[in-house]
Amino acid sequence: MPEMDGLAFVRAVRAEPRYAGLRLMMVTTENELPRLTSALEAGADEYVMKPFTREVIREKLGLLGVALSEGVGG
């Protein structure tokens, strides 16, 4: 991201009370446990590491309570 990294973005969103109910899923190339922990502590609700499959995204969206219609995403 040109202006800030994903972790800074999560922190910025979580600092805004109007976005308190917004669910955030971070998608990143970072795969080290400390980075994952930092993202979750900062307020990310889910974390997906690249490369990922369609099934992983569908599973994570399900955990976030996002229901996909049949035929969406495969």
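Everything quoted here is computed from the prediction, not taken from an experiment. (Residues numbered from 1 in each chain as written. Predicted model: local features only at pLDDT ≥ 70, side-chain atom pairs only at ≥ 80, totals over all residues. Heavy atoms only, no water.)

(A) Representation of the side chain of Lys60 in the model. Residue placement: Lys60 occurs in helix H3 (residues 54-63). Reaching out from Lys60, the side chain makes a polar contact with the side chain of Glu46 at a distance of 3.1 Å. The contact partners of Lys60, leaving out residues within four places of it in the chain, are Met25, Glu46, Tyr47 and Val48. (Helix = DSSP H or I, 4+ residues; strand = E, 2+ residues; numbered from the N terminus. Polar contact = N/O pair within 3.5 Å; in protein donor to acceptor, adjacent residues only side chain to side chain. Contact = heavy atoms within 4.5 Å.)

(B) Structural view of the pairing of strand S1 (residues 25-28). Here S1 shows a clear split, with Met26 and Thr28 buried on one side and none of Met25 and Val27 buried on the other. Pairing of S1 with strand S2 (residues 46-49) involves four bridges; the strand directions are parallel. Each residue of the ladder has a partner; that of Met25, found in S2, is Glu46. (Buried < 20%, exposed > 50% of the residue type's maximum accessible area, 1.4 Å probe, protein only. Pairing = 2+ DSSP bridges.)

(C) Representation of the nonpolar core within the structure. Among the nonpolar cores identified, the biggest contains nine residues, and these are Leu7, Val10, Val13, Leu24, Met26, Ala39, Ala42, Ala44 and Tyr47. Those elements giving two or more residues to this core turn out to be helix H1 (6-14) and helix H2 (33-42). Ranked by residues supplied to this core, first place goes to H1 with three residues. Not counting chain neighbours up to four residues away, the residues in contact with Val13 comprise Tyr19, Leu22 and Leu24. (Core = buried A, V, L, I, M, F, W, Y, C linked by side-chain atoms within 4.5 Å.)

(D) Structural context of the confidence of the model for the protein chain. The predicted model of the protein chain averages 89 in pLDDT, with 92% of residues at 70 or higher. Within the protein chain, H3 has the poorest average pLDDT of any element, 92, and H1 the best, 95. (pLDDT = per-residue confidence, 0-100.)

(E) Representation of the pattern of salt bridges. One pass over the structure, following the stated rule, counts five salt bridges. Of the charged contacts in the structure, one is a salt bridge between Asp45 and Arg23, with a shortest N-O distance of 3.7 Å. Highlighted residues: Asp45 in the loop between H2 and S2 and Arg23 in the loop between H1 and S1, separated in sequence by 22 residues. Residue Arg23 is classed as partly exposed on the basis of its relative accessible area of 45%. It is possible to trace a salt-bridge network through shared partners that takes in Arg14, Arg23 and Asp45. (Salt bridge = Lys/Arg side-chain N within 4 Å of Asp/Glu carboxyl O.)

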